[in-house]
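Single-letter residue listing:
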Amino acid sequence: MEIINNEALSQCIREAVRAELQEHFRTGSTLPPQEERLLSKQELAAELGVSLVTLTDWMKKGLPFLRLHKRVYFKKSQVLKIMTTKN
């Protein structure tokens, strides 16, 4: 019985992930409709027509956001919902 070493296992995983990513981008897979794409600060600021400073100020005042590692993301539906309820 042959036991796979760490380097071979790592290479095998890399190849599998690479193949899956290539298939994903080749077929143009999209998210299911129930999942919402997350927007970065830059994307949301451009979408709303405001500066990054204004967006950061709104975050401090309660604009909902998600922090993944060191990055900040927004769900557009949540942002629009809170903006329409707060005047």
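Keep in mind that what you see is a predicted model, and the values were worked out from it rather than measured.

Caption draft 1: How the structure looks around the nonpolar core. Ranked by size, the top nonpolar core spans 9 residues in total: Leu-39, Leu-44, Ala-45, Leu-55, Met-59, Leu-63, Val-72, Phe-74 and Val-79. Put simply, the parts of the chain that give this core at least two residues each are α2 (41–48), α3 (52–60) and β3 (71–75). Phe-74 has contacts with Arg-37, Leu-38, Leu-39, Ser-40, Lys-41, Leu-44, Leu-55, Met-59, Leu-63, Pro-64, Phe-65 and Val-79, leaving out every residue within four places of it along the chain.

Caption draft 2: Structural view of the pattern of salt bridges. Tallying each qualifying case throughout the model produces 3 salt bridges. Ionic pairing is found between Glu-47 and Lys-76, a salt bridge with its closest N-O pair at 2.5 Å. Of this pair, Glu-47 sits in helix α2 while Lys-76 sits in helix α4 (residues 76–85), placing them 29 residues apart in sequence. Residue classification places Glu-47 among the partly exposed residues on the basis of a relative accessible area of 47%. On the basis of relative accessibility, which here comes to 31%, the residue Lys-76 falls in the partly exposed class. Residues Lys-61 and Asp-57 are paired through a salt bridge, measuring 3.3 Å at the closest nitrogen-oxygen approach.

Criteria and thresholds
Residues numbered from 1 in each chain as written. Predicted model: local features only at pLDDT ≥ 70, side-chain atom pairs only at ≥ 80, totals over all residues. Heavy atoms only, no water. Core = buried A, V, L, I, M, F, W, Y, C linked by side-chain atoms within 4.5 Å. Buried < 20%, exposed > 50% of the residue type's maximum accessible area, 1.4 Å probe, protein only. Helix = DSSP H or I, 4+ residues; strand = E, 2+ residues; numbered from the N terminus. Contact = heavy atoms within 4.5 Å. Salt bridge = Lys/Arg side-chain N within 4 Å of Asp/Glu carboxyl O.

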